[in-house]
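# Close look at the chain arrangement
The lines below spell out each chain.
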Amino acid sequence: MPADPASPRAVPPSASAASPRAVPARACADQASPRPAIDRSAGPVRHPGPGRRAFLRAGAGSALGAVALPGLTACGSSGGGVGPDGKVTVELWHGQTDTLKQAIEALVGEFNRTHPAIHVDAGGGATADVMLQKVTAALASGSYPDIAYVFGSDIASIARSPRVLDLTSALRAPGPVPWNDYWPSLREAVTINGRVRAAPALVDSLAVICNTRLFQRAGLALPQPGWSWAEFVDTAHRLTDPSKGVFGTGWPGVGDEDTTWRLWPMVWDLGGEIIAPDGKSIGFAEQGPRALETVASLATGDSVYVDPKPGSAQMYQVFLSGRMGMVLGGPWSLPDIIAAKTDYTVVPLPSYSGRPVTISGPDTWTVFDNGTARSEAAVAFVRWLNAPEQDVTWDIGAGSLPLSTQSARRPEWLDHSARTVGLPAFTKALESARVRPVHPAYPAISQAVGEAVVTVLLGRSTPERVMRDCTEKADAALLIPR
């Protein structure tokens, strides 16, 4: 994620974007400098990060007073928020652009029509990529929204504010989506120290998207579930054709979260954790070098395209132009691949163990305390938004996956999934998906890992050496009092 995962999240290109010059791994050395971690991992294709959802059932409480929100924990004022007309206005910073913006605004319009006691104002805020800074500044000034779209990797930092509502009782109470119907990775992504600190907004998963024509040209059979990372590396080498500018695969080379999060499934599959159980050190010091060896193996023979720019736009464009055999991507990639008329299929990530493993980058609707009336209205809106009817509309419109098993069983989703090559594979992957830890030190860990991955991709050092540096930096981040 796109995530963040998000997603985070990366903004893959539109199909009409200009095709970049193919750049071998070594050729990017002067362009790919590490940058601070930004959760870009789960964004849909023509829109920013990581988002989703005919319209909708008009039931479930047409007035605020009809919505039961038990146990809502707020830390601010308890009054205000009701206008002279008796209507409560909720300020939503949705963070979306383009198609995603249209999708969320259509849903907001439907909610406003069917809930006459509440008006959701979706006109303000910032794009998802800068939402953390925008919300942080708003909290400092005391003028903040009721709901904001916050990347999953940022929720640990934001939730330290006493203005962030505790949604444990509200989301675990009987309602449109039973708590246990959310995917396990989603539940984990919004839970901090056993408390639910945000509502799920988006979920995705990572898999391998294959250009079937390039496989046919190379005389290779398509991968099957259960394949190994060694097979992935060998396939990438076999697909590579320098004479035609064809790369076996690609990897983001900026050093941000888009670079980092692709490594975590390898670490988990090898038995590592991002943070050790004691919380004082990383949990992948032993597994990291082996995962990085796989990355280093890809870089030999110029079989990996290293994207030197944030957002992975060039990497995805190389794939769309028919010059990359495989790309690690998510459901957000599919609309542009379909628009480009690229023949493709989707297979699960490889593994070392043969067991299914992948990563999800969920993002959140974080709710803030602006008094009881506005808080209750805001929670009513996010609960309504997550109900299967609305969720499926959001998912189909935004290139995302269902938030819950209930949504995944909706006829609209089943029909959409059957008509979209590869989508069932991404949904199936949610059964085994894991998420990054909700921890305030995670961004620093991610930055250290991202720098290590780029260094290995560009052949500047060995996996063992960069892992020692990475461990030192990441462990230091975990020791900082927070």
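Description of the structure in this document. (Residues numbered from 1 in each chain as written. Predicted model: local features only at pLDDT ≥ 70, side-chain atom pairs only at ≥ 80, totals over all residues. Heavy atoms only, no water.)

### Concerning the overall build of the protein chain
On a plain count of helices and strands, the protein chain comes out with 19 helices and 16 strands. Going through the 482 residues of the protein chain one by one, you find that 59% of them count as buried. Element-wise, carbon and sulfur atoms account for 52% of the exposed surface of the protein chain, whose accessible area totals about 17,200 Å². (Helix = DSSP H or I, 4+ residues; strand = E, 2+ residues; numbered from the N terminus. Buried < 20%, exposed > 50% of the residue type's maximum accessible area, 1.4 Å probe, protein only. Areas by Shrake-Rupley, 256 points an atom, 1.4 Å probe, with all protein chains shown as cover.)

### Observations concerning the pattern of salt bridges
Applying the stated criterion across every chain yields a total of 15 salt bridges. For Glu431, the salt bridge identified is with Lys428, shortest N-O distance 3.0 Å. In this structure, Glu451 engages Lys473 in a salt bridge whose closest nitrogen and oxygen atoms are separated by 3.0 Å. Separated by 22 residues along the polypeptide, Glu451 in helix H18 (residues 442-457) and Lys473 in helix H19 (residues 463-478) bring together distant segments of the chain. (Salt bridge = Lys/Arg side-chain N within 4 Å of Asp/Glu carboxyl O.)

### Remarks on unusual backbone geometry
Backbone phi values are negative for most residues with the exception of glycine, while trans is the configuration of most peptide bonds. For Asn193, which is not a glycine, the phi torsion comes out positive at approximately 50°. Counting through the fold element by element, Asn193 comes out in the loop between strand E4 (191-192) and strand E5 (195-196). In this structure Asn193 comes out as exposed when scored by relative accessible area, which is 77%. At Ser312, a position not held by glycine, the phi torsion is positive, near 65°. Tracing the backbone through its elements, the reader meets Ser312 in the loop between strand E11 (304-307) and helix H11 (313-320). Taking relative accessible area as the criterion, Ser312 reaches 1% and is therefore assigned buried.

### Points about the packing of aromatic side chains
Ring pairs (aromatic) are described by centroid distance and by the angle formed between their planes. One pass over the full model with this rule turns up 15 aromatic pairs. Where Trp264 meets Phe284, the ring centres are 5.1 Å apart and the plane angle is 75°; that geometry is what we call edge-to-face. In this pair, Trp264 is assigned in helix H9 (residues 264-269) and Phe284 in the loop between strand E10 (282-283) and helix H10 (288-299), connecting sequence segments 20 residues apart. The burial state of Trp264 is the same as that of Phe284; both residues are buried. (Phe/Tyr/Trp six-rings, centres within 6.5 Å; stacked < 30°, edge-to-face > 60°.)

### Focus: the layout of surface pockets
In this structure, the largest pocket occupies an estimated 360 Å³ of space. Lining the largest pocket are 19 residues, and of these Thr191, Ile275, Pro437, Val438 and His439 lie nearest its centre. Looking at the lining of the largest pocket, the elements with two or more residues in it are E4 and strand E9 (273-275). Ranked by residue count, the leading element in the lining of the largest pocket is E9, at 3 residues. (1 Å grid on protein atoms, 1.4 Å probe; cavity = no way out; pocket = protein on both sides within 12 Å on 5 of 7 lines; lining within 4 Å. Points joined across faces, edges and corners; volume = space filled by probe spheres on them.)

### Some thoughts on the sheet that holds strand E6 (residues 199-202)
The mixed open sheet is built from 5 strands, whose spatial order is E2-E1-E3-E15-E6. At either margin of the open sheet sits one strand with a lone partner, and together these are strand E2 (118-121) and E6. Pairs of neighbouring strands in the sheet enclose a mean axial angle of 30°, with direction left out of account. One ladder, built from 2 bridges, connects strand E1 (residues 88-93) with strand E3 (residues 147-151); its direction is parallel. Of the residues in E3, the one forming a bridge with Leu92 is Ile147. (Pairing = 2+ DSSP bridges. Axes fitted to C-alpha atoms, helices over the stretch in contact; angles between N-to-C directions.)

### Some points on the environment of Leu206
Along the chain, the position of Leu206 falls in the loop between E6 and strand E7 (207-211). Apart from the residues lying within four places of it in its own chain, the contact partners of Leu206 are Trp261, Arg262, Leu328, Gly329, Trp332, Leu349, Thr358, Ile359 and Phe426. (Contact = heavy atoms within 4.5 Å.)

### A short note on the pairing of E11
Neither face of E11 is open: one carries Val304 and Val306, the other Tyr305 and Asp307, and all of them are buried. Where strand E8 (residues 249-252) and E11 come together, 4 bridges link them in parallel fashion. Its bridge partner being in E11, Pro252 is matched across the sheet by Asp307.

### What about the nonpolar core?
Judged by nonpolar contacts, the single largest core of 128 residues is most densely connected at Trp264, Trp365 and Phe381. The contact partners of Phe381, leaving out residues within four places of it in the chain, are Leu92, Val108, Phe111, Val120 and Ile147. Ranked by size, the runner-up nonpolar core spans 10 residues in total, among them Trp93, Val135, Ala148 and Phe368. (Core = buried A, V, L, I, M, F, W, Y, C linked by side-chain atoms within 4.5 Å.)

### Focus on the environment of Tyr149
Within the fold, Tyr149 resides in strand E3. Residues Tyr149 and Ala201, spaced 52 residues apart in sequence, show a C-alpha to C-alpha distance of 7.5 Å.

### Overview of the sheet that holds strand E12 (residues 326-329)
Backbone hydrogen bonds hold the strands of a sheet together, and the pairing may be parallel or antiparallel. Sheet architecture is open: 3 strands sit in the order E12-E7-E13, paired in antiparallel fashion. Because the sheet does not close on itself, it has two edges, and the strands there are E12 and strand E13 (344-347). Put simply, the sheet's adjacent strands are angled 30° from each other on average, direction ignored. By the bridge criterion, 4 bridges tie E7 to E12 in an arrangement that is antiparallel. Among the inter-strand pairings, Val208 is bridged to a residue of E12, identified as Leu328. Running at roughly 135° to E12, H11 makes contact with E7 and E12 of the sheet.

### Quick notes on the side chain of Thr366
Within the secondary structure layout, Thr366 lies in strand E15 (residues 363-367). Judged by its relative accessible area of 0%, Thr366 is buried. A polar atom in the side chain of Thr366 sits 2.9 Å from the side chain of Thr364. Residues in contact with Thr366, not counting those within four places in the same chain, are Asp146, Ile147, Ala148, Val150, Ile155, Ile158, Val164, Arg197 and Ala198. (Polar contact = N/O pair within 3.5 Å; in protein donor to acceptor, adjacent residues only side chain to side chain.)

### Notes on the packing of helix H14 (residues 388-398) against helix H16 (residues 411-419)
Two numbers describe how H14 lies on H16: the axes approach to 9 Å, and their chain directions differ by 20°. One element, H14, and the other, H16, form an angle in the roughly parallel class. For H14 against H16, the interelement crossing comes out left-handed. Across the interface between the two elements, Val392, Asp395 and Ile396 from H14 touch Glu412, Trp413 and His416 from H16. Of the residues contributing to the contact of H14 with H16, the split by class is 3 nonpolar, 1 polar and 2 charged. (Parallel < 35°, antiparallel > 145°, perpendicular 65-115°, else oblique. Left-handed = near helix turned anticlockwise from the far one by under 90°. Nonpolar A, V, L, I, M, F, W, Y, C, P; charged D, E, K, R; others polar.)

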